[in-house]
Amino acid sequence: MRSILRVLGAVACGIGLVAGTTQASAEADWTPTAIAWHSCPEVPDAECGTLRVPVDWARPRGESFDLAVARRTAGDPTRRIGVLVADMGGPGGSGAAFAQSKGLFTPDVRERFDVVGFDQRGTGDSARARCSDDLLNRGPSTYPVDQAGFDALVAHNRELIADCRARSGPVFDHADASQSARDLDALRRALGEQKINYFGVSYGTVLGQAYAERFGARLRSMVLDSVLDHSADVRRFVGDRAASTEAAFGEFEQWCARTTTCALHGRDVRAVLADALKGADAIGWGGQGLLDYVNGMLYTPSWADIGRTISDLAAEKPPLTALFEPNYESVRLATVCQDFSLRVKNYQDYARLRAEELRRGPTLYGANISHDEVMACAGISGPAANPPHRLALRTGPRILVLNSRHDPATPYAWARTVHRQAAAHTALLTYDGWGHVVYNRSDCTKNVANTYLFTLRTPAEGASCPAVEPTG
């Protein structure tokens, strides 16, 4: 189960109002050093470097560390618009590795922008968060059945966090999005840019919102693709995702009913799923592992894989799966647990939260990435460093928000809430289809996003792109 959960972290799960004068003045007194660019070791046609930044931006002249940075300069310098900083989310994904690749963006975007990425605090080569594999793999169930089980989980979490802190160093306690927003502006300054463009995907939208709130005047454009609602409390953080996952599975059922190549075509999908949960337990895969795998495959969505996996496990046949693991299980303790107020006090609190999950997502037993994130944060004391709040934008460009109507990871309701909270400063494009991450879903989604990046023109209120049904 724990290995499968890493799929969800790999795919996929703001700061408060402007800080006080003392801290703002201290930041203004800090000056970044120039980045010494060189060919990236594994991708020689991209450039790599490091940027030295403070561990704690409240003490900019204190201890510091290196952020890993990479870029591909604009293919056509004569038509160059500027720098496009991209963050593909996670948390745990490497922004520097993304910048070295030629992924996501269309060639005409890469012709006109320097695409830049950096490994956020605790990820990749930026003071990577490290925790004991033994502690990560032997924790008690994140589905306790009584107060004793809850207490055992809290005790384990506290032991794990102490271990992570000791292995990772001081950055572990300063890795929330409010710190990373200041890193992003330090990067802007080091690049010598008056304004930057930012493209945040999934958890990268948390950094985007934090930057827009604090440094909006330093933005030329911003795209938030598959947006997290940073105002969500723990009940909505879990419940909204349980509901969106339930709805996304319903879309899979409808596809299977109309598609003869689906392994479950013509069968009672929910009855076969019940058999598959038993089969997963029988062969050691684990019923919860199956639920989490299905949840992860809804992100693509890989409907054919979901059908085959459920069918195979119903027959107690081991399925073929491929898993990818960044350091999500470690870094989420330093990021998600400090960007959201995921504080469950006792078993009674947990039981109420679990009931909400089951009420809103009964078919998959409430399975969603938020459950595991909330339970990983159980036992953390004190308020979140970057507490949830309504999006408060005062300056900067109009931000383009993209979201799928049937996204299991970042519910469409979250995108609508973000847009409603900052209606004068955002434009929402709805993709009337499925899956997590919108930009490359269709020519329509790419054209709207690219037009915005090139011209700053935003779509009209209520704009949408038609769905393109997945081929498998």
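Look up a bit, the structure's there.
Residues numbered from 1 in each chain as written. Predicted model: local features only at pLDDT ≥ 70, side-chain atom pairs only at ≥ 80, totals over all residues. Heavy atoms only, no water.

Some thoughts on the pairing of strand S4 (residues 82-87)
Looking along a regular strand, one sees side chains alternate from face to face of the sheet. Along S4, six of the six residues are buried, which leaves the element largely enclosed by surrounding structure. Inspection of the sheet shows S4 paired to strand S5 (residues 113-118) by four bridges, in the parallel sense. Bridge pairing in S5 places valine 85 opposite valine 116. Pairing analysis gives four bridges linking S4 to strand S6 (residues 196-201), with the strands arranged parallel. Across the sheet, residue aspartate 87 finds its bridge partner in S6, namely glycine 200. (Buried < 20%, exposed > 50% of the residue type's maximum accessible area, 1.4 Å probe, protein only. Helix = DSSP H or I, 4+ residues; strand = E, 2+ residues; numbered from the N terminus. Pairing = 2+ DSSP bridges.)

Some words on the packing of aromatic side chains
With the rule as written, the count across this model stands at 15 aromatic pairs. Centre to centre, the rings of phenylalanine 98 and phenylalanine 105 are 5.9 Å apart; their planes meet at 75 degrees, and the pair counts as edge-to-face. Judged on exposure class, the residue phenylalanine 98 and its partner phenylalanine 105 are both buried. Centroid distance tryptophan 255 to tryptophan 303: 5.6 Å. Interplanar angle 40 degrees. Geometry classified as tilted. Here tryptophan 255, found in helix H9 (residues 234-258), pairs with tryptophan 303, found in helix H12 (residues 303-314); they are 48 residues apart in sequence, far enough to count as distant. Judged by relative accessible area, tryptophan 255 falls into the buried class, the value being 3%. Linked through ring pairs, Phe249, Phe252, Trp255, Trp303 and Trp434 together constitute an aromatic cluster. Taking the ring centre of phenylalanine 454 as reference, the NZ or CZ of arginine 112 above it sits at 5.2 Å. A cation over a ring is seen here: arginine 241 above phenylalanine 237, with NZ or CZ 5.2 Å from the ring centre. (Phe/Tyr/Trp six-rings, centres within 6.5 Å; stacked < 30°, edge-to-face > 60°. Lys NZ or Arg CZ within 6 Å of the ring centre and 35° of its normal.)

Distances and angles like these do not, on their own, reveal function.
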